Amino acid sequence: MDFSIKACDWSKGEANGFLTGKSDVIVLGIFEAQTLTGAARDMDAATKGLISRVVKAGDMSGRAGTTLLVPEVTGIGASRVLLVGLGKQDAFNQKAYGEAVRAAWRVVLGSKIGQATFTLAQLPIQDRDGVWAVRAAILALRELTYKFTQMKSKPDNGARSLKKIVFSVDSADEKAAKVAVKQGVAIANGMDLTRDLGNLPPNVCTPTYLGQTAKKLGRDFKLKVEVLGQKQIEALGMGSFLSVAKGSIEPPQFIVMHYQGAGAESAKSKGKNAPIVLVGKGITFDSGGISIKPGEAMDEMKYDMCGAGSVFGTMRAVAEMGLKLNVIGVIPTCENMPAGNAVKPGDIITSMNGTTIEVLNTDAEGRLILCDALTYAERFKPAAVVDIATLTGACIIALGHHNTGLFAKDDALAGELLDASREAADPAWRLPLDDEYQDQLKSNFADVANIGGRPAGSVTAACFLSRFATAYPWAHLDIAGTAWKSGAAKGATGRPVPLLSQFLIDRAGA
Ligand code: BES
Ligand code: MN
Ligand code: ZN
């Protein structure tokens, strides 16, 4: 699909510019009110009162969620007009805009329309501008058109009619709207990659497959990529990561991807080019290990690499946007399986930084692979480290499937991530990380236990990680509830790629 921008200069009397361009449909918003405003009023004038007649006849009330496709329109460049109800103008916020946009795209995608002119991004949205609106509309469309058919023997990829979308925006927004198109497409492409990796079955998407994916991403987007195998991981002393990998016949991989958009760090740059490091949990299948999980929905544990998937997706988005900053993606990846040689409850292992860990539950494996990756990240002298993990079922109990759990000691970093999450409409909620919870991780025999009991399970998991993230500002995102959907709509969501991409866009000052 091809997205472009058409600017109209109201001050020069070009307000109707969007009306003359050739297309199959003009998408037009109608508020629940008696009077037509903005693009709707211009359209009404150009079509000799067609829009007022339709509204007067009661065929389009402007109620939120309603749509009306008006065929055989004359007097304008398009042959149809799609009217979209927007609800009350004084309640038209980010959420209402999103709902109107999705309703519009559903109608457009359900028809034979090949070319659409989209005017909803010009509407007055509370606290958001036209540039934001363009990007949100692209992401909504790409979300609706995503399909995972790679594993079907006869994929029903019926050709899609919709090829070209023209966003009509105010002239003052033209330059920024073009950036918004670039960002929207890059973030959508990143999310598609994240979703594909998540949806692939665990017999295909193995640690080795993720290593190959990293190398391909490196070739396609000029990233420096290192994929370390068993021997190199051993040499680094990652005893905690390796204890999880042990029970599987799939070899573990430790993936490092470098995107250098700000140039190399040097004595002269004095830390100004210090990278942001993203660490993603890459358990390609979590059976629980010896502390084996119950059978119900165990297939969904193929999604236990969605943190890693979001690092891939975000690296892709950042590279495609060409952001001027340095980003490093770090992914420890392995399977968590039961076996004669698997790690057992009671085993004590030694992590890369020397901390000894008593494994009381082999199903709390995410933190065991992440802690060594967090230690490894120290070598980059990062400006900040964000880890992303489907870490705890307890996070779903706490926050459900709407908010990602955010943990950070650093208020400034937490604030940045929360701002990015709101801007990207990829919600996150901060949970506590007080030192008081650390007591739950006491071990009688080692420095720390890998579980803290049932109370505040997500917090104690974050507390465990915090012990290894001491050398830099750090935040942890628990995406257990947000990385994928279960049930009839089972599938990866691509979250939190929008949040992470926005955070990096903001850091790059783009
Ligand atoms: N990958 C799971 C967490 C998870 C479970 C995410 C269900 C999404 C849905 C993680 O490795 C795990 O098993 N965590 C345990 C920790 C417990 C043993 C302390 C959990 O949440 O039950
Ligand atoms: Mn587990
Ligand atoms: Zn897991």
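Residues numbered from 1 in each chain as written. Chains lettered and ligands numbered in written order. Predicted model: local features only at pLDDT ≥ 70, side-chain atom pairs only at ≥ 80, totals over all residues. Heavy atoms only, no water.

This brings us to the coordination of the zinc ion (ligand 3). Between any two of four tetrahedral donors, the ideal angle at the metal is 109.5 degrees; between two of six octahedral donors, it is 90 or 180 degrees. Protein-derived coordination of the zinc ion (ligand 3) comes from Lys281 (NZ), Asp286 (OD), Asp304 (OD) and Glu365 (OE), at a distance range of 2.0 to 2.4 Å. Geometry at the zinc ion (ligand 3) is octahedral, judged from its six donor atoms and the angles of 79 to 176° they form at the metal. Separating the zinc ion (ligand 3) from the manganese ion (ligand 2) is a gap of 3.1 Å, bridged by Asp286, which donates to each. Since its relative accessible area comes to 3%, Asp286 is described here as buried. (Donors = N, O, S within 2.8 Å, 3.2 Å for Na, K, Ca; no water. Tetrahedral: all angles 85-135°; square planar, octahedral: opposite > 155°, others 65-115°. Buried < 20%, exposed > 50% of the residue type's maximum accessible area, 1.4 Å probe, protein only.)

Moving on, we come to the coordination of the manganese ion (ligand 2). At the metal site, the manganese ion (ligand 2) is ligated by Asp286 (OD), Asp363 (O), Asp363 (OD) and Glu365 (OE), and these contacts range over 2.1 to 2.2 Å. Classification of the site at the manganese ion (ligand 2) rests on its six donor atoms, whose angles at the metal span 70 to 170°, yielding the label irregular. The sequence pattern formed by the donor residues of the manganese ion (ligand 2) is D-x76-D-x1-E. Overall, the relative accessible area of 22% leaves Asp363 in the partly exposed class. Glu365 sits in the buried class, given a relative accessible area of 1%.

Under the local residue numbering, the UniProt record ascribes the feature "binding site: Mn(2+) 1" (unreviewed entry) to Asp286, Asp363 and Glu365. Look at the named residues: they lie 80 residues apart in sequence, but the longest C-alpha span between them is just 8.4 Å, so in the fold they bunch up. With respect to the element layout, Asp286 can be found in strand β10 (residues 282-286). Separated by 2.9 Å, the side chain of Asp286 and the backbone nitrogen of Gly288 make a polar contact. Within the secondary structure layout, Glu365 lies in the loop between β13 (356-358) and α11 (366-377). When near neighbours in sequence (up to four residues on either side) are disregarded, Glu365 contacts Val244, Lys281, Ile283, Asp286, Asp304 and Asn336. (UniProt positions renumbered as here; feature names shortened; annotations may be inferred. Helix = DSSP H or I, 4+ residues; strand = E, 2+ residues; numbered from the N terminus. Polar contact = N/O pair within 3.5 Å; in protein donor to acceptor, adjacent residues only side chain to side chain. Contact = heavy atoms within 4.5 Å.)

Applying the stated criterion across every chain, the model contains zero disulfides. Its sulfur unpaired, Cys306 is 9.0 Å from the next cysteine sulfur, which belongs to Cys205. The thiol of Cys395 is unpaired, and the distance to the nearest cysteine sulfur, on Cys463, comes to 14 Å. (Disulfide = S-S within 2.5 Å.)

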